[in-house]
Amino acid sequence: MKTFTKLASCTAVAAGFAILPLAVSAQSTMAYPEKCKSEGMDMSKADMPSGGMPMGDMPMGDMTDYQKASMDGMKGMHMNMMQGMMKKDADVSFVCGMIAHHMGAISMSEVELKYGDNEEAKQMAQKVIEAQKKEIEEMSTWVDKEAK
């Protein structure tokens, strides 16, 4: 499998697609803006999806490595979205929520690059990463300028 992954990465690069190193993640390369974080928010309930079952209590033992990686990324995105959406200013709340949402898309795409086998899907994931990083940078600049 490692040989296939290396061969696929080399083929993708040769075809003009730059694949990010698998160790790079949205969390390590991009930080959620401080101005998007809500002070005093009780994050102990932030990982409760609308169905009411805490995401942290889901049985992880039966999940594949891919599913576990996806779930970890979604938990981080959900917590940041909840914080961002608690901002009093509707515009700041929207942009902060979108930053978290985009970070979640990057995380999902990184999981695809690491675990996926289909080159077309991996190319889509790479395009998502590139587009979302650019938009996160634009939105973060806006938040730094506009958020009080």
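Before reading on, note that the structure itself is shown above.
Residues numbered from 1 in each chain as written. Predicted model: local features only at pLDDT ≥ 70, side-chain atom pairs only at ≥ 80, totals over all residues. Heavy atoms only, no water.

Q: Help me understand the packing of helix 4 (residues 90–115) against helix 5 (residues 119–146) in this model?
A: Helix-helix packing is described using two parameters, namely the angle between the two axes and the distance between the axes. Two elements in contact, helix 4 and helix 5, have axes separated by 8 Å at closest approach and are oriented at 155°. With respect to helix 5, the axis of helix 4 lies roughly antiparallel. In the crossing of helix 4 with helix 5, the sense of the turn from one axis to the other is left-handed. Taken together, the residues of the contact of helix 4 with helix 5 sort by class into 17 nonpolar, 5 polar and 6 charged. (Axes fitted to C-alpha atoms, helices over the stretch in contact; angles between N-to-C directions. Helix = DSSP H or I, 4+ residues; strand = E, 2+ residues; numbered from the N terminus. Parallel < 35°, antiparallel > 145°, perpendicular 65-115°, else oblique. Left-handed = near helix turned anticlockwise from the far one by under 90°. Nonpolar A, V, L, I, M, F, W, Y, C, P; charged D, E, K, R; others polar.)

Q: Sorry if this is basic, but what is going on with the packing of aromatic side chains here?
A: By convention here, two paired aromatic rings are described through the distance between centres and the angle between planes. This model, assessed by the stated rule, comprises 1 aromatic pair. Ring centres 6.3 Å apart and planes at 75° place the aromatic pair Tyr66 and Tyr115 in the edge-to-face group. In this pair, Tyr66 is assigned in helix 3 (residues 65–85) and Tyr115 in helix 4, connecting sequence segments 49 residues apart. For Tyr66, a relative accessible area of 41% puts it in the partly exposed group. Tyr115 sits in the partly exposed class, given a relative accessible area of 30%. (Phe/Tyr/Trp six-rings, centres within 6.5 Å; stacked < 30°, edge-to-face > 60°. Buried < 20%, exposed > 50% of the residue type's maximum accessible area, 1.4 Å probe, protein only.)

Q: Looking at this structure, how should I read helix 3?
A: Residues lying three or four places apart along an α-helix face the same way, a consequence of the helix completing one turn every 3.6 residues. Helix length check: helix 3 (21 residues) gives 30 Å between terminal C-alpha atoms against 30 Å at 1.5 Å per residue, within 8%. Residues Ser70, Met71, Gly73, Met77, His78, Asn80, Gln83 and Gly84 constitute the buried set of helix 3. (Expected span 1.5 Å × (residues − 1).)

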